[in-house]
Amino acid sequence: MKNMTIWNIARACMGRLVIPAGRRGTGCPAAGMAVIRGYSGKEAARIVIDSRLVEPGDVFVAVRGERVDGHRFIPEVFEKGAIAVVCEKEPEPLTGPCIRVEDSLAALRKIAAFYREQLPIPIVGITGSVGKTSTKEFVAAVLSQKYKTHKTKGNFNNEVGVPLTLLSMPEDTEAAVVEMGINHFGEMRRLSEMVRPDICLLTNIGQCHLEFLGSRDGILRAKSEIFEFMNPEGSVCVNGDDDKLATIREVCGKAPVRFGLSPDNDIYADQIVSRGLLGSEAVIHVGKNALRGGNAQERAFAVKIPLPGTHMVQNALAAAAAGLLLGLTDEEIAAGIASAVAVGGRSRVIRTGRLTVIDDCYNANPVSTKAALDLLGLAEGRKVAVLGDMFELGEQERTLHAQVGAYAAERGIDCLFCAGELSEETARAAREAGVCQARHFADTQALLEALPELLRDGDSVLVKASHGMGFDRIVKKLEEN
């Protein structure tokens, strides 16, 4: 890792480098200092927090988790070849160099911020209430047409995942796409301080994390913390169709680049043709103000969007905006959009032979669940929604669950099977709105056991809930059967 010597890591996290006493030298001060310099000059191969993944040359950060304390594994990681450990308390006996800090997680963030400085590459920071991961995949697919692009893997979008994403960037990375997720005020500020994005891309402001952020205005304020550490010469891209994001008039002295379906945006799409679960086709229009540099020409180009749903058109437009700002051609942008692939748990379509399963089980809020129901409406056969509780919705949680049930009826869903305490409101509202087969189960396990008898050959099945409901088990069972 570029410039990631033990000494630089210790300086970056303001830690105290402690060397085993028996290795300081043989009584000669000069010899002792030479040994210390020898240790501190070693460059880390990787920074890891999982002791099981440690390989020779790595630096291990001992983090205290809810279930496991990484400090327990310090002797083990030295045996595996770790060149140093960042820890809050060094073990006895000390068998290798330790960098002692007050807070290992805070140290991890500081180390990640330092490494980001060593790679002066453009980074696109993506946040918003819905669609962050799919947008990240589109943006990375587009940028990969021109640059060696690094992106967030899996759900590494929080105060642990973001530093690990930054620290996993290879030295030859030319551009990066970092997903940034929060649920409290102040978190985005800390993420932005590490990422220092050159492009801030905001997808939308929906009804999520209301328990902690209070309202959509609160969500907007929390997400807008991303601007505090962005490159002052950078750019902001926002979904201009979102009423809250439309209120952002200027950041760092520049108006944001707006994308969306409305022709009032700088970049917009029309002539949208749905291909059902196969995706859609559209024409993307680029306005003369799209680059904010005065050198953009009004033009249009056709794209094929391989992921289904109108919301994926929005995500493709976001990727087009980022690509234009980073110098890609229309042809490169179109090729990148066409190559995007859904990740597990996010609108992934699975055909089992018996069923068509829409795996959207990673997380849920009212906006994303309604979008998923729209997607189910495009499917063939009997339309079955398998929904679970949506968490962190605050005082209006029961009302919001009921609204989803009513929306399912409006979208013509044939069957609705729900699990969880709050989802009882979803099933009730759906029945009242005309969904005859709307059933509620106490928990995920009860639903899982009943589901095989409830489904028929040819059904299209949407699986959607907050991550804590464990609906990935339902997807796995449907795939197996």
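Along each chain, the written sequence defines residue order, and numbers are assigned to residues from 1. Local features are withheld for residues below a pLDDT of 70 in this predicted model, meaning they are given only at 70 or higher, and side-chain atom pairs are given and counted only at 80 or more; totals for whole chains, interfaces and linings count all residues. Hydrogens are left out, water is left out, and the side-chain values use all remaining heavy atoms of the structure.

Colleague: Can you break down the overall build of the chain residue by residue, with the values?
Modeller: Summing up its helical and strand segments, the chain has 16 helices and 20 strands in all. Every radius of gyration here is taken over C-alpha atoms, with the globule rule written as 2.2 Å times N^0.38, N being the number of residues. Against the 2.2 N^0.38 benchmark of 23 Å for 481 residues, the chain shows a C-alpha radius of gyration of 25 Å, consistent with a compact globule. Counting only C-alpha atoms and orienting by the principal axes, one finds that the chain spans roughly 85 × 60 × 40 Å. Residue pairs at least 24 apart in sequence account for 65% of intrachain contacts in the chain once pairs closer than 6 positions are excluded. When the accessible area of the chain is evaluated, it comes to approximately 20400 Å², of which 48% is carbon and sulfur surface. In this description a helix means any DSSP run of H or I spanning at least four residues, a strand means any run of E spanning at least two, and both kinds are numbered starting from the N terminus. By the convention used here, residues are in contact when the closest approach between their heavy atoms is within 4.5 Å. What sets the accessible areas is the Shrake-Rupley method with a 1.4 Å probe; for residues, cover comes only from the shown protein chains.

Colleague: Describe the pattern of salt bridges, naming the residues involved and giving the relevant values.
Modeller: Think of it this way: side chains of opposite charge can pair up when their charged atoms draw near. By salt bridge we mean one thing: a side-chain nitrogen of Lys or Arg within 4 Å of a carboxyl oxygen of Asp or Glu. Enumeration according to the criterion identifies 29 salt bridges in this entry. Put simply, Glu 179 and Lys 136 hold a salt bridge, and the shortest N to O gap is 4.0 Å. Of this pair, Glu 179 sits in strand 8 (residues 175-179) while Lys 136 sits in helix 5 (residues 132-143), and the two are 43 residues apart along the sequence. Assessed through its relative accessible area of 1%, Glu 179 is described here as buried. Close ionic contact of Glu 281 with Arg 275 constitutes a salt bridge, the shortest N to O distance being 3.3 Å. In the salt-bridge network here, residues are joined through shared partners; they are Lys 136, Glu 137, Lys 151 and Glu 179. Here's how the labels work: a residue is buried when its accessible area is under 20% of the maximum for its type, exposed when over 50%, partly exposed in between, all with a 1.4 Å probe on protein chains only.

Colleague: Tell me about the confidence of the model for the chain, residues and numbers included.
Modeller: The predictor rates its confidence in each residue with pLDDT, a number between 0 and 100. Confidence in the prediction for the chain averages 90 pLDDT; 95% of positions are at 70 or higher. For the chain, helix 2 (residues 29-40) is the element with the lowest average pLDDT, namely 46, and strand 7 (residues 149-151) is the one with the highest, namely 98. Confidence over residues 24-35 falls short of pLDDT 50; this stretch has eleven contacts with residues more than four positions distant or in other chains.

Colleague: Can you break down the packing of helix 10 (residues 310-325) against helix 11 (residues 330-338) residue by residue, with the values?
Modeller: Across the interface, helix 10 lies against helix 11 with an axial gap of 10 Å and an inter-helix angle of 145°. Of the two possible hands of crossing, helix 10 and helix 11 adopt the one that is right-handed. Of helix 11, the residues touching helix 10 (which contributes Ala 316, Ala 320, Gly 323 and Leu 324) are Asp 330, Ile 333 and Ile 337. By the convention adopted, Pro, Cys, Tyr, Trp, Phe, Met, Ile, Leu, Val and Ala count as nonpolar, Lys, Arg, Asp and Glu as charged, and the other residues, Gly among them, as polar. When the residues that make up the contact of helix 10 with helix 11 are grouped by side-chain class, the tally is five nonpolar, one polar and one charged. Simply put, an axis is a line fit to the C-alpha atoms, just over the touching stretch for a helix, and the angle between two N-to-C directions goes from 0 to 180 degrees. Left-handed is the label given to a crossing in which the near helix is rotated counterclockwise from the far helix by less than a right angle, and right-handed is the label when the rotation is clockwise.

Colleague: Lay out the packing of aromatic side chains in plain terms, naming residues and giving numbers.
Modeller: The pairing test for Phe, Tyr and Trp rings, Trp by its six-membered ring, is centres within 6.5 Å, and the orientation test on the planes gives stacked under 30 degrees, edge-to-face over 60, and tilted for anything in between. What the rule picks out here adds up to zero aromatic pairs. One cation-aromatic arrangement involves Lys 370 over Tyr 407; the distance from NZ or CZ to the ring centre is 5.8 Å. Comment: the charge-over-ring label is applied if NZ (Lys) or CZ (Arg) is within 6 Å of the ring centre and within 35 degrees of the ring normal.

Colleague: Could you give an account of the sheet that holds strand 18 (residues 415-419), naming the residues involved and the relevant values?
Modeller: On the basis of which strands lie adjacent, the open sheet formed by six strands has the order 15-16-20-17-18-19 and mixed pairing. Each edge of the open sheet carries a strand with a single partner, namely strand 15 (348-351) and strand 19 (437-441). Averaged over all pairs of adjacent strands, the angle between their axes in this sheet comes to 15°, without regard to strand direction. Bridge count for strand 15 against strand 16 (residues 356-359) is four bridges, and the pairing is antiparallel. Following the sheet pairing, Arg 348 is matched in strand 16 by Asp 359. Should DSSP find at least two bridges between two strands, the strands are taken to pair.

Colleague: Hey, could you go over unusual backbone geometry for me, with residue numbers and the actual values?
Modeller: Between Glu 92 and the following residue, Pro 93, the backbone shows a cis peptide bond with an omega angle of 0°. Positionally, Pro 93 belongs in the loop between strand 4 (84-87) and strand 5 (98-100). For Glu 392, which is not a glycine, the phi torsion comes out positive at approximately 60°. With respect to the helices and strands, the residue Glu 392 is situated in the loop between strand 17 (383-388) and helix 13 (397-410). By relative accessible area, Glu 392 is classed as partly exposed at 23%.

Colleague: Describe the packing of helix 4 (residues 104-118) against helix 7 (residues 187-195), and please don't skip the residues or the numbers.
Modeller: In the contact formed by helix 4 and helix 7, the axes pass within 7 Å of each other and the chain directions differ by 35°. Between helix 4, through Arg 109, Ala 112, Ala 113 and Arg 116, and helix 7, the contact on the second element is made entirely by Arg 190, Glu 193, Met 194 and Val 195.

Colleague: Account for helix 12 (residues 366-376), with residues named and values stated.
Modeller: With eight of eleven residues buried, helix 12 is to be regarded as a mostly interior element. Tucked into the core, helix 12 has its buried residues touching helix 10, strand 16, strand 17, helix 13 and strand 20 (460-464). We call two N or O atoms a polar contact when they sit within 3.5 Å, provided that within protein one can donate a hydrogen and the other can accept it, with sequence-adjacent residues counted only if both atoms are side-chain atoms. The N-cap of helix 12, judged by a side-chain oxygen 3.0 Å from the amide nitrogen of Val 367 a few residues on, is Asn 365.

Colleague: So what about the pairing of strand 6 (residues 123-127)? Which residues, and what values?
Modeller: Buried residues dominate strand 6, accounting for five of its five residues. Burial along strand 6 is two-sided: Ile 123, Gly 125 and Thr 127 facing one way and Val 124 and Ile 126 facing the other are all buried. Two strands pair when backbone bridges link them, and strand 6 and strand 8 are joined in this way by four bridges, in the parallel orientation. By the bridge assignment, Ile 126 is partnered in strand 8 with Glu 179. Sheet topology note: the strand 6/strand 9 (residues 199-202) ladder contains four bridges and is parallel. By the bridge assignment, Gly 125 is partnered in strand 9 with Cys 200.

Colleague: Please provide a residue-by-residue account of the pairing of strand 10 (residues 235-239), values included.
Modeller: With five of five residues buried, strand 10 lies mostly within the body of the structure. With four bridges joining them, strand 9 and strand 10 adopt parallel strand pairing. The residue bridging Leu 201 from the neighbouring strand is Cys 237, located in strand 10.

Colleague: Go over the sheet that holds strand 1 (residues 16-18) with me, naming the residues and quoting the values.
Modeller: Ordered in space as 1-5-4-3-2, the five strands form an open sheet in which the pairing is mixed. Of all strands in the sheet, those with a lone pairing partner are strand 1 and strand 2 (47-48), marking the two edges. Taken together, the three bridges between strand 3 (residues 59-61) and strand 4 define a ladder with parallel strand orientation. Paired with Val 61 across the two strands is Val 86, which belongs to strand 4. Against the sheet, helix 4 contacts strand 2, strand 3 and strand 4, and its axis sits at roughly 125° relative to strand 4.

Colleague: Residues and numbers for the side chain of Thr 444, please.
Modeller: Summarising the element assignment, Thr 444 is placed in helix 15 (residues 444-454). Owing to a relative accessible area of 6%, Thr 444 belongs among the buried residues under this scheme. At a separation of 2.7 Å, a polar atom in the side chain of Thr 444 contacts the main-chain carbonyl oxygen of Met 469.

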